[in-house]
Amino acid sequence: MTSVPLIFERSRRGRRAADLPACDVPEVAVEEVLPEEYRRKDPPRLPEVSEPDLIRHYTALSRRNHGVDIGFYPLGSCTMKYNPKRNERAARLPGFAHIHPYQPPETVPGALELMAALQEGLAAVTGMDAVSLQPAAGAQGEWTGLMMIRAYHRARGERRTTVIIPDSAHGTNPASAAMAGFRVVTVPSDDRGGVDLAALEKVLGEDTAALMMTNPNTLGLFEEQIAAIAERVHMSGALLYYDGANANAILGKTRPGDMGFDAVHLNLHKTFSTPHGGGGPGAGPVGVKSFLEPFLPSPVVRREGGRVILDDDRPQSIGKVHTFYGNFGVLVRAYAYLRAMGADGLQQVAEDAVLNANYLMRRLAPHFDVPYDRICKHEFVLSGARQRRAGVRTLDVAKRLLDFGFHPPTVYFPLIVEEALMIEPTETESLETLDAFAEAMIRIVEEAEAEPETVRSAPHTTPVSRLDETRAARSPVLRWIPGEAAEDPDDEEAPAAANRGGTE
Ligand SMILES: *Cc1c(COP(=O)(O)O)cnc(C)c1O
């Protein structure tokens, strides 16, 4: 692949991508409106390019990366499914996009109605009584839910200081519990990949504030003993928190509220159609049963006398967790998605997600170790232990997939599986795509036997080959002006030249 020049290298003095009409209002000298201290001394060092150069530059850059609009992205736990463009259009409607967050609520009844209706939709999907749309991410939803659980126990005069979390959990679970001031107690999984009930009973006690669970869990497995678990947890006076970041397997089929959970968050940016990755805006609404409602973040969006109001008279609230009312554009996309799918569509999502995952799992099962060989939900976990014994690691398999045009699955997570590959095909992929991916994986497994070096040195066809990932993360070279000296590649302390993305 050829290199893409920097936009500064394309720059020629005087070139412009826009042609503005002559000014039709009186010109005012900048000196008259801006005090000296705020005025530039030197013109900004901006590239000067024509429109074709501009478009070609950014299009070329965009083609050097992988995205779900380019190809298959089976990243386990993260649900990188295709997001319909219709929902983007809805979020960009001027009536939504141009609202100012300080606008008086009476002037935006449509936005308030949308938030109330989305809350009702998410409450219906999760089996909860009330929802707050404020949290900006799954992790913040977890933290918000745990802060509410903490406030609940305190309001009852109870001191409960620990949160129990299974060893298969997503890393944000223990992090959120610690941020909310709890001590984390880990409970091991049993040999079917579920929570070990006997071990849970041992750690449940008067100091337990909550058990945090993901169901289906991060192995893609539905917790078979959920009713018994919920009963034990509630008997001990603790509450049950549901990490609903990966809800596409259960939509319209079962609900955390029916399983006995008291609080839940959803990731709108995974399940409800907001493109994500790269840290863009997300939303992690929390839903709760009615006894936790007084503790919801303030203001609460609710209906009163035929109107939707912002209620900030909430003496027991944990307070505000986000500026204004959350990431509104994400909420519009989720609402558009919910309405377009309807109840039938959501059920179809769950059925297709589960069917796709089981199909892919069965196609790959003969070629990998399958640590938990059960019917899975929306994702499944393979182990590359067999390949590792032949000298090829899961990381190598993941890198080699890039040469076939696929984003690799999640690797080395969950932590309880050796050389883990965690694969979520999602509901939006066709049989042909699943087959093409399976064939690429099988070919890589065969290569690992016949020519392991090809796999170990992959990728071979991408803009950059294998990076030193630690150094690329710790000392990224994000800015480079042509003509400035490159670092000495042999200097261990200098940022690696490869981190800049050298080309083949
Ligand atoms: C993605 C994910 C989270 C965290 O969500 P963020 O929006 O990234 O904070 C939590 N739990 C599970 C199971 C997830 O997949």
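Residues numbered from 1 in each chain as written. Predicted model: local features only at pLDDT ≥ 70, side-chain atom pairs only at ≥ 80, totals over all residues. Heavy atoms only, no water.

(A) Summary view of the overall build of the protein. Along the protein, the regular secondary structure elements total 18 helices and 12 strands. For 504 residues, the compact-globule estimate of 2.2 N^0.38 gives 23 Å, and the protein sits close to it at 26 Å. Classification of the 504 residues of the protein by burial places 48% in the buried group. Partitioning the intrachain contacts of the protein with sequence separation of at least 6 by distance along the chain shows that 70% fall at a separation of at least 24. (Helix = DSSP H or I, 4+ residues; strand = E, 2+ residues; numbered from the N terminus. Rg over C-alpha atoms; globule rule 2.2 N^0.38 Å. Buried < 20%, exposed > 50% of the residue type's maximum accessible area, 1.4 Å probe, protein only. Contact = heavy atoms within 4.5 Å.)

(B) Local environment of the site of the ligand. Neighbouring the ligand are 13 residues; Ser77, Gly138, Asp243, His269 and Lys270 lie closest to it. In the environment of the ligand, a nitrogen atom lies 2.6 Å from a nitrogen or oxygen atom belonging to the side chain of aspartate 243. At 3.1 Å, a side-chain N or O of asparagine 267 approaches an oxygen atom of the ligand. For the shell around the ligand, the secondary structure elements donating two or more residues are helix H7 (138-155) and helix H12 (268-271). Examining the composition of the shell around the ligand, we find that 3 residues originate from one element, H7, more than from any other. A breakdown of the residues in the shell around the ligand according to their chemical character gives 3 nonpolar, 7 polar and 3 charged. (Near = heavy atom within 4 Å. Polar contact = N/O pair within 3.5 Å; in protein donor to acceptor, adjacent residues only side chain to side chain. Nonpolar A, V, L, I, M, F, W, Y, C, P; charged D, E, K, R; others polar.)

(C) Quick peek at unusual backbone geometry. Asparagine 215 connects to proline 216 through a cis peptide bond whose omega is 5°. Examined against the element boundaries, proline 216 turns out to sit in the loop between strand S4 (208-213) and helix H10 (226-235). Of note, the bond from phenylalanine 413 into proline 414 is cis; its omega dihedral lies within 30 degrees of zero at 0°. One non-glycine residue with positive phi stands out, namely tyrosine 412, at about 60°. Relative to the elements of secondary structure, tyrosine 412 occurs in the loop between strand S11 (410-411) and strand S12 (420-423). Given the relative accessible area of 28%, tyrosine 412 is considered partly exposed. One non-glycine residue, threonine 426, adopts positive backbone phi at about 70°. Topologically, threonine 426 is positioned in the loop between S12 and helix H16 (431-450). Assessed through its relative accessible area of 0%, threonine 426 is described here as buried.

(D) Quick peek at the sheet that holds S4. With respect to topology, 7 strands assemble into an open sheet ordered S1-S7-S6-S5-S4-S2-S3, the strand pairing being mixed. The open sheet terminates on both sides in strands that have one partner only, identified here as strand S1 (130-132) and strand S3 (183-187). Ignoring strand direction, the axes of neighbouring strands in this sheet form an average angle of 25°. Sheet analysis places strand S6 (residues 263-266) next to strand S7 (residues 286-288), joined by 3 bridges and oriented antiparallel. From the neighbouring strand, alanine 263 faces S7, where its bridge partner is valine 288. This element, helix H8 (residues 172-179), spans strand S2 (162-166), S3, S4 and strand S5 (239-244) of the sheet and lies at about 175° to S2. (Pairing = 2+ DSSP bridges. Axes fitted to C-alpha atoms, helices over the stretch in contact; angles between N-to-C directions.)

(E) Inspection of the packing of helix H15 (residues 394-403) against H16 at higher detail. The interhelical angle for the contact between H15 and H16, taken along N-to-C directions, is 125°, at an axis separation of 10 Å. Compared by their axis directions, H15 and H16 come out oblique. Seen along the crossing, H15 lies across H16 with a hand that is right-handed. Residues Val397, Arg400 and Leu401 of H15 pack against Phe437, Ala440, Met441, Arg443, Ile444 and Glu447 of H16. Here the contact of H15 with H16 is built from residues that sort into 6 nonpolar, no polar and 3 charged. (Parallel < 35°, antiparallel > 145°, perpendicular 65-115°, else oblique. Left-handed = near helix turned anticlockwise from the far one by under 90°.)

(F) Seen up close, the sheet that holds strand S10 (residues 380-383). Strand order in this open sheet of 3 strands is S10-S12-S11, and the pairing throughout is antiparallel. Each edge of the sheet is formed by a strand with only one pairing partner; in this case those strands are S10 and S11. As paired elements, S10 and S12 share 4 bridges and run antiparallel to each other. Bridge assignment links phenylalanine 380 to a residue of S12, and that residue is isoleucine 423.

(G) Here's a closer look at the side chain of aspartate 311. Mapping aspartate 311 onto the fold places it in strand S9 (residues 307-311). At a separation of 3.3 Å, a polar atom in the side chain of aspartate 311 contacts the side chain of arginine 314. Beyond its immediate sequence surroundings of up to four residues, aspartate 311 is in contact with Ser298, Pro299, Val300 and Arg302.

(H) Quick peek at the pairing of S9. Bridge count for strand S8 (residues 300-304) against S9 is 5 bridges, and the pairing is antiparallel. Its bridge partner being in S9, arginine 302 is matched across the sheet by isoleucine 309. Counted along the chain from S8 to the antiparallel partner S9, the turn is 2 residues long, and its residue glycine 305 has a positive phi close to 55°.

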